[in-house]
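Structural description and commentary
Listed below are the residues making up each chain.
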Protein chains: 2
Amino acid sequence: MATIPELQAKIRALEDELAAVRAGKAGSGEQPCQRKKIEKMSAEVVDSNPYSRLMALKRMGIVADYEKIREFAVAVVGVGGVGSVTAEMLTRCGIGKLLIFDYDKVELANMNRLFFQPHQAGLSKVEAAKHTLRNINPDVQFETHNYNVTTMDNFQHFMDRIRNGGLQEGQPVDLVLSCVDNFEARMAINTACNELDQVWMESGVSENAVSGHIQFLIPGQTACFACAPPLVVAANIDEKTLKREGVCAASLPTTMGVVAGLLVQNVLKYLLGFGSVSYYLGYNAMQDFFPTMAMKPNPNCDDQSCRLRQEDYKKKEATHPKQQLVEEDQQIVHEENDWGIELVSEVSEEELKAASGPVPDLPVGITVAYTVPDKQEEDTANIGETVQETEQSLEELMAAMKRL
Amino acid sequence: MATIPELQAKIRALEDELAAVRAGKAGSGEQPCQRKKIEKMSAEVVDSNPYSRLMALKRMGIVADYEKIREFAVAVVGVGGVGSVTAEMLTRCGIGKLLIFDYDKVELANMNRLFFQPHQAGLSKVEAAKHTLRNINPDVQFETHNYNVTTMDNFQHFMDRIRNGGLQEGQPVDLVLSCVDNFEARMAINTACNELDQVWMESGVSENAVSGHIQFLIPGQTACFACAPPLVVAANIDEKTLKREGVCAASLPTTMGVVAGLLVQNVLKYLLGFGSVSYYLGYNAMQDFFPTMAMKPNPNCDDQSCRLRQEDYKKKEATHPKQQLVEEDQQIVHEENDWGIELVSEVSEEELKAASGPVPDLPVGITVAYTVPDKQEEDTANIGETVQETEQSLEELMAAMKRL
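Residues numbered from 1 in each chain as written. Chains lettered and ligands numbered in written order. Predicted model: local features only at pLDDT ≥ 70, side-chain atom pairs only at ≥ 80, totals over all residues. Heavy atoms only, no water.

The helix and strand inventory of chain A stands at 10 helices and 12 strands. For chain A, buried positions account for 61% of its 404 residues. Looking at chain A alone, contacts between residues at least 24 apart form 67% of all its contacts between residues at least 6 apart. Summing over all exposed atoms, chain A offers an accessible surface of approximately 16,200 Å²; the carbon and sulfur share of this is 49%. (Helix = DSSP H or I, 4+ residues; strand = E, 2+ residues; numbered from the N terminus. Buried < 20%, exposed > 50% of the residue type's maximum accessible area, 1.4 Å probe, protein only. Contact = heavy atoms within 4.5 Å. Areas by Shrake-Rupley, 256 points an atom, 1.4 Å probe, with all protein chains shown as cover.)

Right under this line is the structure:
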């Protein structure tokens, strides 16, 4: 028979546990996983198999080897509206390892976007995310870093984890995903990826919540974030700046969900080798318009590592011309148009009158977030050369043709 | 001082509560809400305001009156991969009322899609969804129905709830969203909406998981589900049929998330009056291609209610020609192309050689899920007339032009 103090201790323990579970703080190893780990992915069609619908991609002829997903490590920088959904999708797909970087706390003001829940308000985003994601799929390895990647010390640590935080410690990660909401963080990721020769993908959503984009960056092969003014479907501004002025950017779970979905779809295509990976894909929600393009790097890029990667790529291209693009073999290439038409920018002079830096020719629907004031004029000819153009609306194409 | 039996009772109660919270079963009113209800939406920029980022859409000039979202009731039929995310997005946006219909249980096999969590396995999808959604936003009214809408009794009840389940009992809902995975359920929703003159939106994802679509249906104005073979970006088959044969359709959280995002974005555009609502928007994930189109109804449609709605519409159009489309005033209309070009189908005869029913002219990337074998040949001329064509890739347009 238990004594009264023993029972009281038990009550206190249960009350603590209940509070922890309610707050989403339980875990750090003590909480039992909601499902057991699965040693080997199976294609068996039973209700208890969380991988049956993914392994079916093999039978459907989409993916040759789905199990390979477990061999990849992906870093997600920023787990806000886009990053949290990105992390959840990769977790549900059974990615090998996720490294998550963020320094923000969950707030009720985040509840208009997917993933976080009101009871997590006040927790760090990386801890709250890890708790939820581990319950969803305990087969995934999680590594979280609750810091701002842009400060000097943290940046060095961030670089180290990109270089060594792969599935096997000491190996680099397979892909870095930028899901941040400000210029400094994007530039820090760009600097790290150029220096480490690390392939990465960028994502962004406009401050009016009705447009967004994703971008695929291969150092030396595609324009980096410093090669040209960043491209957006509509202007993008720093949420933090707005906050200080007593206003805030608008956001929608729809736009964020679409951008995260398009981003992770391209991650899966890149890692598992199916379909074609988009270099730049925009989403204009007002008209359901999705402009695409690709840009060559700027030989005079301010980033020294970018210029070095360009040299590496030229040498590699000269010796192994067939291996220039990772996904080239699998890509369903749009045929060259045999009318000899090159589309030019629809961005009006008025729209860009505030611009003091060089502005590349851009397809309809894509514009620059801002321009770099100190750029030399002679850079203009070299930057932002559009190498691919896949989709134009009928009306836009008509307008372009009439100008010929 | 408490007695031992009292303490033991307290322990049992705590253990029950803990188990309930862990299982996500707590609630039916007893569990305290995770945040308090909010009487009036505020635009105040504070971390504790879950609506600040949505109300910011007004300041950004996107939405004239965001608070109006609270006056709408939306029915979501099917809370699987697309429906659950659709319901979550609408909940986070602060919709007035959600009516949710499904008869399935949560299984671990659903865990490769967003929303449901492993600890909910075994619960009915509508109950599990309500529990999660109410915690996310207690301001939303939820009405759940755990049944199959296609059986006779349930269909009558379903019709009654569409007619009377609006924000004010006795008023119709504002929109019905079809997020089901089979033909019978889609046809039941189509029949109900035609009879009730109820505007609805359809969504679907292909069995190979790499394409999907959304469609906007206005009885009498646009082709209904019975007017022509349903349009898909790739073939769609019934998951249940496949299950019986020991195989299953593939699915991805990415494709489902994108389709749900595009669907709810169009719901918001329709309800709140901004941007243009897409009549048919496809998503081809392999190439990040998004075909769009619209179809007029078939005057010889099998559905009698559809034909009646067409008559109503003709009368309305004759007396009030400006009021023909609900969203026409707000729509950013694509200008008529002044080249006089009408695009014709790129669907080859070979692709459709199995077809025994009439096949409408369709844009690239969209095809019919199947054809109806018993259709009269003379119907062909009238069905599936394409009334709008907004996006073609450059190459496709070139090909179309060369044929002129």
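Moving on, there is more to tell.
Residues and elements named next belong to chain B. For helix 5 (residues 152-164), spanning 13 residues, the distance from its first C-alpha to its last is 18 Å, which sits close to the expected 18 Å at 1.5 Å a residue. Those residues of helix 5 not exposed but buried are Asn154, Phe155, Phe158, Met159, Arg161, Ile162 and Asn164. Where helix 5 is buried, its residues contact strand 1 (73-77), strand 2 (97-101), strand 3 (141-145), strand 4 (175-178) and helix 6 (183-196). (Expected span 1.5 Å × (residues − 1).)

We now examine the environment of cysteine 248 of chain A. Within the secondary structure layout, cysteine 248 of chain A lies in the loop between helix 7 (239-244) and helix 8 (253-272). Separated by 196 residues in the primary sequence, cysteine 248 of chain A and serine 52 of chain A place their C-alpha atoms 42 Å from one another.

As a further point, take the pattern of salt bridges. Residues and elements named next belong to chain A. Tallied over the full model, the rule gives 29 salt bridges over all chains. Notably, a salt bridge pairs glutamate 71 with lysine 68, separated by 3.9 Å at the nearest N-O pair. Its salt-bridge partner being arginine 161, residue glutamate 169 comes within 2.8 Å of it at the nearest N-O pair. One network of salt bridges, with partners in common, ties together Lys97, Glu143, Asp160, Arg161 and Glu169. (Salt bridge = Lys/Arg side-chain N within 4 Å of Asp/Glu carboxyl O.)

Attention now moves to the packing of aromatic side chains. The final tally for this structure, using the stated rule, is 16 aromatic pairs over all chains. Residues phenylalanine 216 of chain A and tyrosine 279 of chain A carry aromatic rings whose centres are separated by 5.8 Å and whose planes lie at 35° to one another, so their mutual orientation is tilted. Separated by 63 residues along the polypeptide, phenylalanine 216 of chain A in strand 6 (residues 211-217) and tyrosine 279 of chain A in the loop between helix 8 and strand 8 (280-284) bring together distant segments of the chain. For the pair formed by phenylalanine 216 of chain A and tyrosine 279 of chain A, the shared burial category is buried. On the numbers, 5.3 Å between centres and 15° between planes, the contact of tyrosine 283 of chain B with phenylalanine 290 of chain B is stacked. The exposure classification of tyrosine 283 of chain B matches that of phenylalanine 290 of chain B, with both residues buried. Pairwise contacts between aromatic rings join Tyr283 and Phe290 of chain A together with Tyr283 and Phe290 of chain B into one cluster. (Phe/Tyr/Trp six-rings, centres within 6.5 Å; stacked < 30°, edge-to-face > 60°.)

Relative orientation of the contacting elements helix 8 of chain A and helix 8 (residues 253-272) of chain B amounts to 155°, with a least axis distance of 8 Å. One way to sum up the angle between helix 8 of chain A and helix 8 of chain B is to call them roughly antiparallel. Here helix 8 of chain A runs over helix 8 of chain B; the crossing is left-handed. Within the contact between the two elements, helix 8 of chain A uses Thr254, Thr255, Val258, Gly261, Leu262, Val264, Gln265 and Leu268 of chain A and helix 8 of chain B uses Thr254, Thr255, Val258, Gly261, Leu262, Val264, Gln265 and Leu268 of chain B. Residues of the contact of helix 8 of chain A with helix 8 of chain B, tallied by class, amount to eight nonpolar, eight polar and no charged. (Axes fitted to C-alpha atoms, helices over the stretch in contact; angles between N-to-C directions. Parallel < 35°, antiparallel > 145°, perpendicular 65-115°, else oblique. Left-handed = near helix turned anticlockwise from the far one by under 90°. Nonpolar A, V, L, I, M, F, W, Y, C, P; charged D, E, K, R; others polar.)

This part covers the pairing of strand 5 (residues 200-205) of chain B. Residue and element names in this part refer to chain B. In terms of burial, strand 5 is largely enclosed, as six of its six residues are buried. Burial along strand 5 is two-sided: the residues Trp200, Glu202 and Gly204 and Met201, Ser203 and Val205 are all buried. The parallel pair strand 4 and strand 5, bridged by helix 6, forms a crossover whose chirality is right-handed. By the bridge criterion, six bridges tie strand 5 to strand 6 (residues 211-217) in an arrangement that is antiparallel. Across the sheet, glutamate 202 pairs through a bridge with glutamine 215, a residue of strand 6. Hairpin connection from strand 5 to strand 6: five residues lie between these consecutive antiparallel strands, with alanine 209 at a positive phi of about 75°. (Right-handed = clockwise from strand over helix to strand, strands pointing away. Pairing = 2+ DSSP bridges.)

Inspection of every chain in the model, using the stated rule, returns zero disulfides over all chains. The thiol sulfur of cysteine 227 of chain A is not disulfide-bonded, and the nearest other cysteine sulfur, from cysteine 306 of chain A, lies at 3.6 Å. Residue classification places cysteine 227 of chain A among the buried positions, given a relative accessible area of 1%. Considering cysteine sulfurs only, cysteine 248 of chain A is the nearest to cysteine 93 of chain B, which forms no disulfide, with 14 Å between them. Judged by relative accessible area, cysteine 93 of chain B falls into the buried class, the value being 0%. (Disulfide = S-S within 2.5 Å.)

Turning our attention to the side chain of aspartate 303 of chain A. All names here are of chain A. Inspection of the secondary structure puts aspartate 303 in the loop between strand 9 (292-295) and helix 9 (304-319). For aspartate 303, which is buried and forms no salt bridge, the nearest opposite charge comes from arginine 307, at a distance of 6.8 Å. Separated by 3.1 Å, the side chains of aspartate 303 and asparagine 194 make a polar contact. Within the structure, the side chain of aspartate 303 is placed 2.8 Å from the backbone nitrogen of serine 305, a separation counted as a polar contact. Beyond its immediate sequence surroundings of up to four residues, aspartate 303 is in contact with Asn190, Thr191, Asn194 and Ala226. (Lys, Arg positive; Asp, Glu negative; His and termini not counted. Polar contact = N/O pair within 3.5 Å; in protein donor to acceptor, adjacent residues only side chain to side chain.)

As a further point, take the pairing of strand 6 of chain A. All names here are of chain A. Across the seven residues that make up strand 6, a large majority, seven, are buried. Here strand 6 shows two buried faces, one formed by Ser211, His213, Gln215 and Leu217 and the other by Gly212, Ile214 and Phe216. For strand 6 and strand 8, the ladder comprises five bridges, and the chain directions are antiparallel. Residue glycine 212 lies in a different strand from strand 8, and its bridge partner there is tyrosine 283.

Residues and elements named next belong to chain A. Take valine 126: it is sitting in helix 4 (residues 125-136). Exposure remark for valine 126: the relative accessible area of 1% places this residue in the buried category. Separated by 160 residues in the primary sequence, valine 126 and methionine 286 place their C-alpha atoms 32 Å from one another. If we ignore the near neighbours within four places in the chain, the residues touching valine 126 are Val79, Ile100, Phe101, Asp102, Thr144, His145 and Asn146.

Residues apart from glycine generally show negative phi values, whereas peptide bonds are mostly found in trans. Positive phi is not limited to glycine here, since alanine 209 of chain A has a value of about 75°. With respect to the secondary-structure elements, alanine 209 of chain A resides in the loop between strand 5 (200-205) and strand 6.

The subject of this paragraph is the confidence of the model for chain A. Residues and elements named next belong to chain A. Residues with a pLDDT of 70 or more make up 72% of chain A, whose mean pLDDT is 80. Note on residues 25-33: pLDDT under 50 across the span, and 15 contacts to partners over four residues away in sequence or across chains. This stretch, residues 323-359, has a pLDDT under 50; its non-local contacts, to residues over four places away or in other chains, come to 66 contacts. Across the interface, the model reports ipTM at 0.79; the global pTM reads 0.79. (pLDDT = per-residue confidence, 0-100.)

Right, let's talk about helix 9 (residues 304-319) of chain B for a bit. Residues and elements named next belong to chain B. Along its 16 residues, helix 9 runs 23 Å from first to last C-alpha, staying within 8% of the 22 Å computed at 1.5 Å per residue. Residues of helix 9 that are buried include every one of Ser305, Cys306, Arg309, Gln310 and Tyr313, and no others. When helix 9 is viewed along its axis, its buried side chains cluster within an angular range of 145° and face the same direction. Along helix 9, the residues that are exposed and aim more than 90 degrees away from the buried face are Gln304, Lys315, Ala318 and Thr319. For helix 9, the N-terminal cap is aspartate 303; the gap from its side-chain oxygen to the backbone nitrogen of serine 305 is 2.8 Å. (Arc of directions from axis to C-beta.)

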